Amino acid sequence: MERNRSVLKSRRKPSGAAVQRADLTDALYRAFFEEWAERGFAAISLERVAAKAGAGKAAIYRRFSSHHEFAAAAVTTLGLTMAMPEDHGSLEADVLAFLTRLRAVLRHPMIRRILPDLHAEAARSAPMRELNTRVAKARRVQAQVLLDRAIDRGELERTVDRDLALDLLPAPLYWRMVVLGVTPTRGQLAAEAIAIVAALKASARQC
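Residues numbered from 1 in each chain as written. Predicted model: local features only at pLDDT ≥ 70, side-chain atom pairs only at ≥ 80, totals over all residues. Heavy atoms only, no water.

## Section: the UniProt feature "DNA-binding region" (unreviewed entry) in the chain
Under the UniProt annotation, the feature "DNA-binding region" (unreviewed entry) is placed at residues 45-64. For residues 45-64, the end-to-end C-alpha separation is 14 Å, with 60% helix and 0% strand making up the annotated structure. (UniProt positions renumbered as here; feature names shortened; annotations may be inferred. Helix = DSSP H or I, 4+ residues; strand = E, 2+ residues; numbered from the N terminus.)

What follows is the structure, encoded as structure tokens:
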């Protein structure tokens, strides 16, 4: 009997602060993005976010102290991540694979709504500017792998202007899809990849 009591005690959940469920946190992130896409960051209601996630507002405040902290966690964890494509054997093929993957990300309806709003909020708010910068830096660190591969293959000089290169990789596609609202075809992506590679090689010669 004594042994059974000790087993039961060992199975009891710890008292004190509530244990934060990972599945509920993920549901809150998804609900936050839905609210952001529908209404814009400035009009986000944490009550609506909690309701969409099937939780109470207290579940949010146990995790985040503000809208900005919530946004930073959501974007960092689930938001605008994109793994770099594997090695396709050449810079042009790698760039085309990168553009294809980026096109898939930018075609998502929520992302196409959230990204312009994130940039607009960054112009008005220091915390959102910090978040926007953090996202951009993370993407640029990821994209370095494409340049490193090309340099190792001898396709690019080590003198390539990396900052310019990291601007060139996503900029034309981002402009076309997010600013103009046009989704390019596979053929247009291929033409864009050729132009970007030519620009990258030219930037190396200028250095």
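## Quick notes on a nonpolar patch on the surface
There is a patch of nonpolar side chains on the surface, built from Trp 175, Val 179, Leu 180 and Val 182 and spanning about 400 Å² of accessible area. Along the chain, Leu 180 turns up in the loop between α10 (171-179) and α11 (186-206). Judged by its relative accessible area of 52%, Leu 180 is exposed. (Patch = residues over 30% accessible without salt bridge, like charges linked within 9 Å, V, L, I, M, F, W, Y side chains within 5 Å. Areas by Shrake-Rupley, 256 points an atom, 1.4 Å probe, with all protein chains shown as cover. Salt bridge = Lys/Arg side-chain N within 4 Å of Asp/Glu carboxyl O. Buried < 20%, exposed > 50% of the residue type's maximum accessible area, 1.4 Å probe, protein only.)

## Description of the pattern of salt bridges
Applying the stated rule across the entire model yields 16 salt bridges. Linking Glu 35 and Arg 48 is a salt bridge whose minimum nitrogen-to-oxygen distance equals 2.7 Å. Taken as a pair, Glu 35 in helix α2 (residues 22-39) and Arg 48 in helix α3 (residues 46-52) lie far apart in primary sequence, 13 residues in all. One salt bridge connects Glu 130 with Arg 134, and the closest N-O pair in it is separated by 3.9 Å. Taken together, the positions of Glu 130 and Arg 134, both in helix α8 (residues 126-153) and four residues apart, correspond to about one turn of that helix. Of the residues examined, Arg 134 reaches a relative accessible area of 39% and is grouped as partly exposed. One salt-bridge network, in which partners are shared between bridges, spans Glu 35, Glu 38, Arg 39, Arg 48 and Lys 52.

## So, the packing of aromatic side chains
The final tally for this structure, using the stated rule, is eight aromatic pairs. For the pair Tyr 29 and Phe 64, a centre-to-centre distance of 6.0 Å together with 40° between the ring planes defines the contact as tilted. Of this pair, Tyr 29 sits in helix α2 while Phe 64 sits in the loop between α4 (57-61) and α5 (67-79), and the two are 35 residues apart along the sequence. With respect to class, Tyr 29 is no different from Phe 64; both count as buried. Through successive ring pairs, a cluster of aromatic residues spans Tyr 29, Phe 32, Phe 33, Trp 36, Phe 41, Phe 64 and Phe 70. (Phe/Tyr/Trp six-rings, centres within 6.5 Å; stacked < 30°, edge-to-face > 60°.)

## Regarding α8
Along its 28 residues, α8 runs 41 Å from first to last C-alpha, staying within 8% of the 40 Å computed at 1.5 Å per residue. Every buried residue of α8 is accounted for by Met 128, Leu 131, Asn 132, Val 135, Ala 143, Leu 146, Leu 147, Arg 149, Ala 150 and Ile 151. (Expected span 1.5 Å × (residues − 1).)

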